[in-house]
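Read off the chains here:
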Amino acid sequence: MSPSEVQTLNQNRLHFYQLLARVYQHELSQSMIQQLVHVTFPKQTGSAEMDRGYGLLERYFVNHQIAAIEEDLACDYAKVFLAAGETKGNAAFPYESVYTSDEKLVMQQAWADVRAIYGLEKLALDTEMADIKEDHIAVELKFMAYLCEKNNLEAQQTFLKTHLLDWIVDFCEDIRKYSHTDFYRGIADLTVGFLKRDAALIETLQTAAQAPATSFTMANSDFDALIQQWQQHYHVFAPAFVNGRSNQHRPLVRFQEINQVSDIVYDRQSDFSAKEIYYPIMQTMFYFTEHEVKESRLKDDKDYLIFMHPCDINALRRTDTVFMKNGGLTDSYYKRLRDKVKIVMMECTQSCENCFCVSMNSNRSDHYDMAVRFDQHQMNVNVKDPSFLADFQAAQTSDFQPQFISENQATVTLPEINSREELDLAGHLDYWQTFNERCIGCGGCNTVCPTCTCFDTLDVTYDESGKQGERRRVWSSCMLDTFTQTAGGNRARKTPGDNMRFKTLHKVYDYKQRFGEENMCVGCGRCVMRCPKDISFSDTINGFTAAFAQAKQEQAVK
Amino acid sequence: MENIMLPEPHQILDVVKETQAEYTFRVAYDKPTQYNQFFQLSIPKVGEAPISVSGKGNGYLEFTMRKVGRLTEGVFGLDKGDTLFMRGPYGNSFPVADFEGKDLVVICGGTGMSPVKTVLTHFMDHPEISKSVHFIVGFKDINSVLFTDALKTFSEQPKFRTTYCLDNSEAPGFHKGFVTQYIKNVPFADFDDYNVAIVGPPMMMGFSAQECLKNGADPKKIWVSFERRMSCAVGKCGHCKINDTYVCLDGPVFNYTKAAHLFD
Ligand SMILES: Cc1cc2nc3c(=O)[nH]c(=O)nc-3n(C[C@H](O)[C@H](O)[C@H](O)COP(=O)(O)OP(=O)(O)OC[C@H]3O[C@@H](n4cnc5c(N)ncnc54)[C@H](O)[C@@H]3O)c2cc1C
Ligand code: SF4
Ligand code: SF4
Ligand code: FES
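Rules used in this analysis
- Residues numbered from 1 in each chain as written.
- Chains lettered and ligands numbered in written order.
- Predicted model: local features only at pLDDT ≥ 70, side-chain atom pairs only at ≥ 80, totals over all residues.
- Heavy atoms only, no water.
- Helix = DSSP H or I, 4+ residues; strand = E, 2+ residues; numbered from the N terminus.
- Rg over C-alpha atoms; globule rule 2.2 N^0.38 Å.
- Buried < 20%, exposed > 50% of the residue type's maximum accessible area, 1.4 Å probe, protein only.
- Lys, Arg positive; Asp, Glu negative; His and termini not counted.
- Charge placed at Lys NZ, Arg CZ, Asp CG, Glu CD.
- Domains from an automatic or database assignment.
- Phe/Tyr/Trp six-rings, centres within 6.5 Å; stacked < 30°, edge-to-face > 60°.
- Lys NZ or Arg CZ within 6 Å of the ring centre and 35° of its normal.
- Near = heavy atom within 4 Å.
- Polar contact = N/O pair within 3.5 Å; in protein donor to acceptor, adjacent residues only side chain to side chain.
- Areas by Shrake-Rupley, 256 points an atom, 1.4 Å probe, with all protein chains shown as cover.
- Nonpolar A, V, L, I, M, F, W, Y, C, P; charged D, E, K, R; others polar.
- Buried area = accessible area lost by both parts, 1.4 Å probe.
- Salt bridge = Lys/Arg side-chain N within 4 Å of Asp/Glu carboxyl O.
- Pairing = 2+ DSSP bridges.
- Axes fitted to C-alpha atoms, helices over the stretch in contact; angles between N-to-C directions.
- Contact = heavy atoms within 4.5 Å.

K.L.:
How would you sum up the overall build of chain B? Please name residues and give values.
P.N.:
From N to C terminus, chain B includes 7 helices and 15 strands. Here the C-alpha atoms of chain B give a radius of gyration of 18 Å, agreeing with the 18 Å that 2.2 N^0.38 yields for 264 residues. Looking at chain B as a whole, 58% of its 264 residues are labelled buried. Between the averaged position of the 27 positive side-chain charges in chain B and that of its 30 negative side-chain charges there is a distance of 4 Å.

Written out as structure tokens, the structure is:
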């Protein structure tokens, strides 16, 4: 619950206590009746008793002429609560003492107790209440409203449990017995239902109140100070401008170690993904001499704090799957860096031109340690990882919850491949070979993709004799014409079209087929920006889906 | 944590020259392996490549390698007593337990014989669990013939029907022509229950399987072993992936009913 949600809830509770107190204190006034007649009573409140109560109230107002109500209710009130015209005992006397003392008398122990409690708060009965005693239901309910206002949850819980709930169930049972109107019977149900629910609610609020605030607002300069503080234990990475120009002649944005909020480029898609931080383009696996190998080490002990958008966070799960799940085997080079990653999710304020994350179902994520919204001069932060909370002790709390975009300019329709035979058809479409003239097999699309994981290994020697050196691994790319080449020059996939088919099916079919949960592509749009031949991957998917649907149709006709 | 990419040094116990371009290396090794599994062999500074176990015995494994590129050339420079780095074993194997008590057809080409050699040896050593072994192997020419001694011993086994052939030439003990030409001699119709294992270059495997089907073989009883480019052998590098299948993890052996549907 956010602080504002808690506040609204408390206001509502306070009003409800006041309202109930008023209903019990006197007969209804004409103006109250006028208001009640027009109320649409809630349904499905989550409490069966309250639902029944509201139902009775509704029925009462539907079945009665306004003009007749005041007298009807006044009459019932007098009979039920004041025992007017009744022999003693046939009423619901609204005093706790009556229900908790053996003799069923007013002004017994309970009355003394509540007076003591009110006394501690230096409270005394209003003059307008001079005709009733302190353990009257209306006074006790008013006291609850008072405690709500003071926001003292513990006092509310104690008073509710030791006093109101101790007698109210029997009292309301009597109302049902002695009242002849749906109105007071309904009020009886509402009272019991509400008080029971409130006891549970207070408990929830207590737990929520114990949990520290998790959202904060702070000036950029204060956040800069935090970044500097984090830098002692983390490499703080975020998309930032680097030298160079993209294919669209825009300045290049790449994940870099940053020092301050103003370094972060948060409002456009980066040209490269965050992948290179936890899965470096090139990394040394081990060092060797002629007779032994020695595993490489990380350059330092620092962890990594990475500012990333939801698409990249979702992509992380895909690379996790390949490196840590596929074949039940874990790649330790990946894991040793991956375990060090903490995520700061950057809210997307708008969809970038080439993104199609909504179609790929990766526009949202709740997998983060902190989430941020950039807001001109201030930062809004939601903290999930409690270990970061201490950093925000001095910060102003807020209601901030990250929002997600729900629409892109670009959309894709995925193919519906339902069988091995249909996959055969999808894989052998002429459509694929149309890429032979267009794609130059540069592999740029794989390089920028946050979900591409393929690599080659490469041995490097330090001296002429070649007795000492290291084995590295380097990103590879399924779009390169040598990707499947074996000794002797044979290639399993021979044309750029074959490669495009392989990549496309991998991204929007194979991966999901193998691992179940989701497609590999997260629709980040980077490959679309990157391609020197203007091959858009979203267009490629859509073109494939259309060609496949047509082929299916033609097959059906035959 | 365990590093699945880290090779271990193993000593070379012996080197046997099979042909001009193919050597068998006997390497000290004492853990269990299955039939047709492979290892990533590597020489620091040169690289790493998948090589099948072609023979095994007490405390050793054998690898038969064809000199085709950087790594295999590097290995050829090694000698008895030198160190070879390996990690593995990887991959699945032929369902050899299922082959027992039935007729077995083995069709292979060139180095493709290495991975099935241990299977053949198994049935030779245990004739009581074998009904018959029909073994067809082809080599390019007489200079490319591998495992000459083993070929001779196999041909002498009462339960073995062997057919050895050379692509374009004849020689004593060898027919002329491709293995596919001799598949029609396999009496599939007479078999009660049987299995077919095919290993070799991709084209050869495809045509051989077709030929078996033409001769009445049941696709469910045919097993093929795929050779794909591999960098990691542990499902990470992506090189061996075909459709949703990783050859290094799910193969290299596939039943033909699955293999026929995989496309590159
Ligand atoms: C499961 C399996 C079992 C094999 N068993 C044997 C065997 O028992 N005997 C044998 O001689 N050969 C075998 N091969 C083929 C052997 O792996 C290649 O001939 C070898 O990789 C060539 O490496 P190179 O470095 O000498 O050649 P290069 O052409 O220099 O190769 C460079 C790199 O490409 C990769 N590569 C090249 N060709 C292949 C290939 N055919 N398969 C996989 N990766 C390749 C390797 O990563 C190699 O390090 C097997 C292949 C596989 C997949
Ligand atoms: S395939 Fe393209 S759009 Fe999909 S995740 Fe990779 S780079 Fe992003
Ligand atoms: S699709 Fe474009 S970026 Fe990818 S390999 Fe082909 S030309 Fe290069
Ligand atoms: S060889 Fe690397 S994934 Fe199979």
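K.L.:
Can you lay out the domain arrangement of chain A for me, pointing to particular residues and giving the numbers?
P.N.:
Size of an interface, as often reported, equals the accessible area lost when the parts are brought together. Considered domain by domain, chain A is made up of domain 1 (3–210), domain 2 (215–281 + 290–397) and domain 3 (420–451 + 481–557). One C-alpha centre belongs to domain 1 of chain A, the other to domain 3 of chain A; they are set 68 Å apart.

K.L.:
Explain the packing of aromatic side chains residue by residue, including any values.
P.N.:
Inspection of the entire model under this criterion finds 54 aromatic pairs over all chains. Across from the ring centre of F502 of chain A, 3.5 Å away, lies the NZ or CZ of R493 of chain A, which sits over that ring.

K.L.:
Outline the site of ligand 1, supporting the account with residue identities and numerical values.
P.N.:
As a structural note, the neighbourhood of ligand 1 is formed by 22 residues, with A487 of chain A together with E48, P50, T72 and E227 of chain B the closest of them. Those residues lying near ligand 1 are distributed over chains A and B. Taking E48 of chain B, its main chain carries an N or O atom lying 2.6 Å from an oxygen atom of ligand 1. The fraction of the free accessible surface of ligand 1 (820 Å²) that becomes covered by protein chains is 87%. Contributing elements (two or more residues each) for the shell around ligand 1: β4 (47–57), β5 (60–66) and α1 (70–76) of chain B. Ranked by the residues each element gives to the shell around ligand 1, the list is headed by β4 of chain B, at 5 residues. Split into classes, the residues belonging to the shell around ligand 1 amount to 9 nonpolar, 7 polar and 6 charged.

K.L.:
Could you give an account of the domain arrangement of chain B, with specific residues and numbers?
P.N.:
Residue and element names in this part refer to chain B. Domain annotation for chain B reports domain 1 (8–90) and domain 2 (96–259). Both sides together, the interface formed by domain 1 and domain 2 hides about 1,700 Å², and carbon and sulfur atoms give 58% of it. At the junction of domain 1 and domain 2, the tally comes to 1 salt bridge. Where domain 1 packs against domain 2, one counts 3 residue pairs in polar contact (both at pLDDT 80 or more). At the level of secondary structure, the elements contributing two or more residues to the side of domain 1 that touches domain 2 comprise β2 (22–28), β3 (38–43), β4, β5 and β6 (83–90). When residues of the side of domain 1 that touches domain 2 are assigned to their parent elements, the largest contribution, 7 residues, is made by β4. In terms of residue class, the side of domain 1 that touches domain 2 is made up of 5 nonpolar, 8 polar and 7 charged.

K.L.:
How would you summarise the sheet that holds β5 of chain B if you had to cite specific residues and measurements?
P.N.:
Sheet strands pair by backbone hydrogen bonding; their relative direction is either parallel or antiparallel. Residues and elements named next belong to chain B. Within the closed barrel, the 6 strands sit side by side as β1-β2-β5-β4-β3-β6. Their pairing is antiparallel. Strand after strand, the sheet turns through a mean of 45° between neighbouring axes, direction not considered. With 7 bridges joining them, β2 and β5 adopt antiparallel strand pairing. By the bridge assignment for β5, Y23 is matched with M65. The strands touched by helix α3 (residues 113–125) are β4 and β5; relative to β4, the strand with the most contacts, the crossing angle is about 20°.

K.L.:
Would you mind going over the pairing of strand β1 (residues 8–17) of chain B in detail, with residue names and values included?
P.N.:
Along a regular strand, successive side chains alternate from one face of the sheet to the other. Residue and element names in this part refer to chain B. Relative to β6, β1 is paired through 4 bridges, and the arrangement is antiparallel. The residue bridging P9 from the neighbouring strand is F85, located in β6. Bridge count for β1 against β2 is 5 bridges, and the pairing is antiparallel. Opposite V16, over in β2, you have T24 as the bridge partner. Here β1 folds back onto β2, and the loop between the two strands holds 4 residues.

K.L.:
Would you mind going over the pairing of strand β11 (residues 194–199) of chain B in detail, with residue names and values included?
P.N.:
Residues and elements named next belong to chain B. Taken across its 6 residues, β11 has 6 buried, putting it largely inside the fold. Side chains Y194, V196 and I198 project from β11 onto one buried face, and the interleaved N195, A197 and V199 project onto a second face that is buried too. With 6 bridges joining them, strand β7 (residues 103–109) and β11 adopt parallel strand pairing. Within β11, the residue paired with D103 across the bridge is Y194. Bridge count between β11 and strand β12 (residues 222–225): 4 bridges; the pairing is parallel. Among the inter-strand pairings, A197 is bridged to a residue of β12, identified as W223.

K.L.:
Break down unusual backbone geometry for me, citing the residues and quoting the values.
P.N.:
Residue and element names in this part refer to chain B. Here the residue pair G88 and P89 is connected by a cis peptide bond, since its omega of 0° sits within 30 degrees of zero. Counting through the fold element by element, P89 comes out in strand β6. With an omega of 10°, the peptide bond between G251 and P252 qualifies as cis. Within the element layout of this structure, P252 appears in the loop between α6 (247–250) and β15 (253–255).

K.L.:
Give a description of the sheet that holds β7 of chain B that names residues and reports values.
P.N.:
All names here are of chain B. Strands sit in the order β10-β9-β8-β7-β11-β12-β15 across an open sheet of 7 strands; the sheet is mixed. At either margin of the open sheet sits one strand with a lone partner, and together these are β10 (175–176) and β15. Helix-sheet contacts for helix α5 (residues 202–214) involve β7, β11 and β12, and the interaxial angle to β11 is about 155°.

K.L.:
Talk me through the environment of I242 of chain B; I want residue IDs and the actual numbers.
P.N.:
Residue and element names in this part refer to chain B. Along the chain, I242 turns up in strand β13 (residues 241–242). With 69 residues separating them in the primary sequence, I242 and G173 have C-alpha atoms 39 Å apart. Look past the residues within four positions of I242 in its chain and what remains in contact with it is F226, R228, V247, L262, F263 and D264.

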